[in-house]
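Notes for the structure review
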Amino acid sequence: MDLLDSILNSMQKPPTASEAQKNAIKKQKEAIERKQKEEKNMLNRFRKRVEEKIGNFIKEGTKPYIQFDPMEQTYRSIIRDVAETAGVQIFSFGQEGIDRYCVIYTKDRGPSEDELTVRRAGGVWSEDKAAEMALRHIEMQRQAALENEEEKNRKRKHGKEELSGTFYKQKYAHLIGQEAALDAAHKTNVNKSYGEVPSENKKDLRSIEQTMADIRAKKMRKAETNKESLDNN
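These lines cover the structure that appears in this document, whether it is placed above or below. Along each chain, the written sequence defines residue order, and numbers are assigned to residues from 1. Since the coordinates come from a predicted model, pLDDT governs what is reported: local features require at least 70, and pairs of side-chain atoms require 80 or more to be given and counted, while whole-chain, interface and lining totals use all residues. Side-chain figures throughout are based on the complete set of non-hydrogen atoms in the structure, without hydrogens or water.

A look at the overall build of the chain
Of the regular secondary structure elements, the chain holds nine helices and three strands. Numbering of helices and strands runs from the N terminus; a helix is a DSSP stretch of H or I covering at least four residues, while a strand is a stretch of E covering at least two. If you list the helices and strands of the chain from N to C, you get α-α-β-α-β-β-α-α-α-α-α-α. The buried share among the 233 residues of the chain stands at 17%. Should any heavy atoms of two residues lie within 4.5 Å, those residues are considered in contact. Long-range pairs, those at least 24 residues apart, make up 40% of the contacts in the chain between residues at least 6 apart in sequence. Per-residue and other accessible areas were derived by the Shrake-Rupley procedure at a 1.4 Å probe size, with only the shown protein chains allowed to occlude residues. Carbon and sulfur atoms make up 52% of the accessible area of the chain, which amounts to about 19300 Å² in all. With a 1.4 Å probe rolled over the protein chains alone, any residue whose accessible area is under 20% of its type maximum counts as buried; one over 50% counts as exposed, and the rest are partly exposed.

Laid out in structure tokens, this is it:
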């Protein structure tokens, strides 16, 4: 019995729960550190590629811009840092988390307003798109010129119409006198139905009975005139 106890006591005891947990935490920590190290190395490699790409862009000077593929904010921040260090312009377009991407331009040659408009609207900028926008501007300018000419013609026509009425009298008030001009303007106020005679002067304010009586009296005066003429002959 003493020999059995001695053998059992000499055997390594199984790890306690706390020790097992410590080992698991240690392994997890080591895995995280390895992953972080791999990510760091990957970001460093990415930064070197960006530096090389932007450096060649500046050195060659033949392209209007260089465009990067859509990527996460972490990678875009590296591109921005390299661009600012290199002294070039950087713009970001697209929707965050979906298709956000970076475009690099030289310091003295940034994007045009047309390019910014197209990219911000989610479009793709190209030489064909640039030509299309240029033609659109030409058409808009032509249309604006036509509208401007039509407006000038309308104003000239409107001006000629005004010269025949009140505007004419006001224009020459300094020659004929302000009171005379205002009085003439009032009397020659244009009326589409009656010409240049005030429509109020055309109205007959008499009653029907008065009108009939005036007609009969007029006929009687005419008859008397005719009779006197016959008697004298």
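Notes on the nonpolar core
Among the nonpolar cores identified, the biggest contains 15 residues, and Val50, Ile54, Phe68, Ile79 and Ile104 are the most heavily contacted of them. Sorting the residues of this core by element identifies α2 (17-60), α3 (73-86) and β3 (101-105) as the ones contributing at least two each. Here the element with the most residues in this core is α3; it accounts for five residues. Here Ile79 is in contact with Phe46, Val50, Ile54, Phe68, Met71, Ile90, Cys102 and Ile104, once residues within four sequence places are set aside. We call a set of buried residues a nonpolar core when its members are Ala, Val, Leu, Ile, Met, Phe, Trp, Tyr or Cys and they connect through side-chain atoms within 4.5 Å of each other. Membership of the second largest hydrophobic core comes to nine residues, among which are Tyr65, Tyr101, Tyr105 and Trp125.

Thoughts on the pattern of salt bridges
Between Lys or Arg on one side and Asp or Glu on the other, a salt bridge is scored when a side-chain nitrogen of the former is within 4 Å of a carboxyl oxygen of the latter. Per the stated rule, a full pass over the model turns up nine salt bridges. Measuring nitrogen to oxygen at the nearest pair gives 3.3 Å for the salt bridge that ties Arg47 to Glu51. Here Arg47 and its partner Glu51 are both found in helix α2, four residues apart, which amounts to about one turn of the helix. Residue class for Arg47 comes out partly exposed when judged on its relative accessible area of 27%. For Glu51, a relative accessible area of 40% corresponds to the partly exposed category. Its salt-bridge partner being Glu132, residue Arg136 comes within 3.1 Å of it at the nearest N-O pair. Separated by four residues within a single helix, Arg136 and Glu132 lie in helix α5 (residues 127-163), roughly one turn from each other. Shared partners join several salt bridges into a network, and the residues in it are Arg47, Glu51 and Asp81.

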